[in-house]
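# Working through the structure, step by step
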Amino acid sequence: METFADLITSPTPVLVDIYADWCAPCKAMAPVLEQVKKMQGDSLRIIKVNIDRNPQIARHYAVYSVPTLLIFKNGKQLWRQSGILSAAELNKVIDQFR
């Protein structure tokens, strides 16, 4: 099983969605992320991290609100934003890091 550190060291961009089950905006992001995955295909990997089950990851990246989205490539954090984005906005961001 791959660890979080293994996943984010990929040469393919990795979008990390830090969310909580109780968070309404997080639930609203789920279909947006599905759209983005369909549009990006294999050129992007999406990982969902539950903040309540993985508090060490949230602490390490200083995540204090959900949803927080991060993009990693080759182990480096390239982008970060909290809150809801549309699929079009998120695709524009992702395309910068291909």
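The structure this text deals with has already been given above.
Residues numbered from 1 in each chain as written. Predicted model: local features only at pLDDT ≥ 70, side-chain atom pairs only at ≥ 80, totals over all residues. Heavy atoms only, no water.

What follows concerns the packing of aromatic side chains. Applying the stated criterion across every chain, the model contains three aromatic pairs. Measuring from centroid to centroid gives 5.3 Å for Tyr61 and Phe72, while their planes differ by 75°, and the two rings are edge-to-face. You can see Tyr61 sitting in the loop between helix H3 (55-60) and strand S3 (68-73) and its partner Phe72 sitting in strand S3, a full eleven residues away along the chain. Its relative accessible area of 15% is what places Tyr61 among the buried residues. (Phe/Tyr/Trp six-rings, centres within 6.5 Å; stacked < 30°, edge-to-face > 60°. Helix = DSSP H or I, 4+ residues; strand = E, 2+ residues; numbered from the N terminus. Buried < 20%, exposed > 50% of the residue type's maximum accessible area, 1.4 Å probe, protein only.)

On to unusual backbone geometry. Omega for the peptide link from Val66 to Pro67 comes to -5°, which places this bond in the cis form. One can find Pro67 in the loop between H3 and S3. Unlike most non-glycine residues, Ala62 shows phi in positive territory, near 50°. Within the element layout of this structure, Ala62 appears in the loop between H3 and S3. We classify Ala62 as partly exposed; its relative accessible area is 32%. Despite not being glycine, Asn74 shows a phi value in the positive range, around 55°. Along the chain, Asn74 falls in the loop between S3 and strand S4 (76-82).

Most of S3 is tucked away: six of the six residues are buried. Neither face of S3 is exposed, since Thr68, Leu70 and Phe72 on one face and Leu69, Ile71 and Lys73 on the opposite face are all buried. Pairing of strand S1 (residues 14-19) with S3, which is carried by five bridges, proceeds in the antiparallel orientation. Following the sheet pairing, Ile18 is matched in S3 by Thr68. As judged from the six bridges shared by S3 and S4, these two strands associate in the antiparallel manner. Counted as the bridge partner of Phe72 is Gln77 from S4. Hairpin remark: S3 followed by S4, antiparallel, with two residues in the connecting loop; positive phi at Asn74, about 55°. (Pairing = 2+ DSSP bridges.)

The next subject is helix H2 (residues 24-40). Compared with an ideal rise of 1.5 Å per residue, which puts 17 residues at 24 Å, H2 spans 25 Å between its outermost C-alpha atoms and is within 8% of the ideal. Where H2 bends most, at Ala30, the angle is about 25°, and the proline Pro31 comes one to four residues later. Those residues of H2 hidden inside the fold are in contact with S1, strand S2 (45-50), S3 and helix H4 (87-95). Positive phi shows up at Gly41, right after H2, with a value of about 60°. (Expected span 1.5 Å × (residues − 1). Bend = angle between axes of the 7 residues up to and from the residue. Contact = heavy atoms within 4.5 Å.)

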